[in-house]
Amino acid sequence: MKTLYIDCGMGAAGDMLTAALLEIACRTESGRPDREAIEKFASGFNKIGIPGVGMKAVQSEKMGITGTHVHIYVNGEEEHEPEVPHEHGHHHHHVHRSMKDIEEIISGLAIDDAVKEDVLNVYRIIAEAEGAVHGKPAGEVHFHEVGTMDAVADVTAVCMLMREIAPEEVIASPVATGYGSVRCAHGVLPVPAPATALILRGVPAYAGDIEGELCTPTGAALVKYFAQKYSQMPVMSTEAIGYGLGTKDFAKANVIRIFYGSKVDM
């Protein structure tokens, strides 16, 4: 059984999941990341029609670990606004979009219908959590950080890559959330942020020893949607390992690691 194992020991964020999955989907026969294939995916992704969005995936390093760092550009620039941190160091303007807006954007993309449905299902998870936090029905939620174009890109890229890899089983580790507080569009919130905490209901999660937001709403929703169960890494014969690097630097390497291979009966 082809298995994908997501190590969430440093949380989960959309850009980091994208990067780790890229290294698995675009690999050589020896299992190593194929940089040319990764660049080809990014080039093709830039043509699917997300308004103003461009992706660049580059080889980078965290504490001696070589992996991939995904940059999402909106209208030619990575968005930066120090008042609103998001996705392990990404920053965004206060763009508000409704679930209907998201549905219209996704419906117009040049991607398979199955991928579109995955993307919308992930956003429904986020909308339900945001609605519960703000006391509104999911359809009336106006997204802040998770509704910006780069977050749409992260969710879409992960859904595309999961369909391409097509694992028979997806297992995730318990999710590290981080602790402390995070500044967002609504002000200073506890970590995990309220929407993240709601998304993670039923998911094994823990604070860990890193102060800061390790698991974002986008990352939490993606893991919850795709993971069929949560455990420590099973006994498996690994064919490829993907390393997705985050932007921030912590006392531990800010890396999401994903294993792909076959489970082994002992």
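Above this text sits the structure in question.
Because the structure is a prediction, the values reported are computed rather than measured.

(A) Quick look at the overall build of the protein. Scanning the protein for helices and strands turns up seven helices and 15 strands. Here the C-alpha atoms of the protein give a radius of gyration of 17 Å, agreeing with the 18 Å that 2.2 N^0.38 yields for 266 residues. Dimensions along the principal axes, computed over C-alpha positions, put the protein at roughly 50 × 40 × 30 Å. Going through the 266 residues of the protein one by one, you find that 54% of them count as buried. Summing over all exposed atoms, the protein offers an accessible surface of approximately 11300 Å²; the carbon and sulfur share of this is 49%. If you average the places of the 22 positive and of the 36 negative side-chain charges in the protein, the two averages end up 3 Å apart.

(B) Seen up close, the packing of aromatic side chains. Following the criterion strictly, the structure yields three aromatic pairs and no others. Both rings, one in Tyr5 and one in Phe259, keep their centres 6.4 Å apart while their planes meet at 45°; by these two values the pair is tilted. Taken together, the residues Tyr5 in strand E1 (residues 2–7) and Phe259 in strand E15 (residues 255–263) connect sequence positions 254 residues apart. You'll find Tyr5 and Phe259 in the same group, each marked buried. Taken together, a centroid distance of 4.9 Å and an interplanar angle of 75° make the contact between Tyr225 and Phe226 edge-to-face.

(C) Seen up close, helix H2 (residues 35–45). Among the residues making up H2, those that are buried are Ile38, Phe41, Ala42 and Phe45. Looking straight down H2, one finds its buried side chains confined to an arc of 95°; they lie on one side. Seen from the open side of H2, the exposed residues pointing more than 90 degrees away from its buried face are Glu36, Glu39 and Lys40. Looking at the buried residues of H2, the elements they touch are helix H1 (14–25), strand E2 (53–62), strand E3 (65–74) and helix H5 (149–165). Where H2 begins, one side-chain oxygen reaches toward the backbone nitrogen of Glu36, 3.1 Å away; that side chain belongs to Asp34.

(D) Structural view of the side chain of His71. Tracing the backbone shows His71 in strand E3. Filtering out sequence-adjacent residues up to four positions away, His71 remains in contact with Gly54, Met55, Lys56, Val58 and Glu78.

(E) Fine view of the environment of Val122. Mapped onto the secondary structure, Val122 falls in helix H4 (residues 113–134). Its relative accessible area of 0% is what places Val122 among the buried residues. Sequence separation between Val122 and Val223 is 101 residues; the distance between their C-alpha atoms is 9.4 Å. Those residues within four positions of Val122 in sequence are excluded, and the remaining contacts are Val155, Cys159, Ala221, Leu222 and Tyr225.

(F) Highlighting the environment of Ser262. Along the chain, the position of Ser262 falls in strand E15. Counting along the chain gives 197 residues from Ser262 to Ile65, while the straight-line C-alpha distance between them is 24 Å. Residues within four places of Ser262 in sequence aside, it is in contact with Met1, Lys2, Val235, Met236, Ser237 and Glu239. Within polar-contact distance, the side chain of Ser262 engages the side chain of Lys2 at 3.4 Å.

(G) Spatial organisation of H4. With 22 residues, H4 extends 31 Å from end C-alpha to end C-alpha; this agrees with the ideal 32 Å at 1.5 Å per step. Just past H4, the residue Gly135 takes up positive phi, approximately 70°.

(H) How the structure looks around the pairing of E15. Direction of pairing for E1 relative to E15: antiparallel, over a ladder of six bridges. Paired with Asp7 across the bridge in E15 is Arg257. The sheet contact formed by strand E14 (residues 236–245) and E15 spans nine bridges and is antiparallel. Paired with Gly242 across the two strands is Ile258, which belongs to E15.

(I) Here's a closer look at the pairing of strand E8 (residues 169–172). By the alternation rule, side chains of E8 split into Glu169 and Ile171 and Val170 and Ala172, which are all buried. Where E1 and E8 come together, four bridges link them in parallel fashion. Opposite Ile6, over in E8, you have Ala172 as the bridge partner. Sheet topology places E8 next to strand E13 (residues 229–230); two bridges connect them, and they run parallel. Among the inter-strand pairings, Ile171 is bridged to a residue of E13, identified as Lys229.

(J) Summary view of empty space enclosed by the protein. Under the criterion given, the structure shown has one cavity of 30 Å³ or more. If you add up the space inside the largest cavity, you get close to 40 Å³. As for the largest cavity, its lining consists of Ile6, Leu17, Leu21, Val158, Met162, Leu222, Val223 and Phe226. Those elements that provide at least two residues to the lining of the largest cavity are H1, H5 and helix H7 (217–226). Element by element, the count of residues in the lining of the largest cavity is highest for H7, at three residues. Taken together, the residues that form the lining of the largest cavity break down as eight nonpolar, no polar and no charged.

How each quantity is defined
Residues numbered from 1 in each chain as written. Predicted model: local features only at pLDDT ≥ 70, side-chain atom pairs only at ≥ 80, totals over all residues. Heavy atoms only, no water. Helix = DSSP H or I, 4+ residues; strand = E, 2+ residues; numbered from the N terminus. Rg over C-alpha atoms; globule rule 2.2 N^0.38 Å. Buried < 20%, exposed > 50% of the residue type's maximum accessible area, 1.4 Å probe, protein only. Areas by Shrake-Rupley, 256 points an atom, 1.4 Å probe, with all protein chains shown as cover. Lys, Arg positive; Asp, Glu negative; His and termini not counted. Charge placed at Lys NZ, Arg CZ, Asp CG, Glu CD. Phe/Tyr/Trp six-rings, centres within 6.5 Å; stacked < 30°, edge-to-face > 60°. Arc of directions from axis to C-beta. Contact = heavy atoms within 4.5 Å. Polar contact = N/O pair within 3.5 Å; in protein donor to acceptor, adjacent residues only side chain to side chain. Expected span 1.5 Å × (residues − 1). Pairing = 2+ DSSP bridges. 1 Å grid on protein atoms, 1.4 Å probe; cavity = no way out; pocket = protein on both sides within 12 Å on 5 of 7 lines; lining within 4 Å. Points joined across faces, edges and corners; volume = space filled by probe spheres on them. Nonpolar A, V, L, I, M, F, W, Y, C, P; charged D, E, K, R; others polar.

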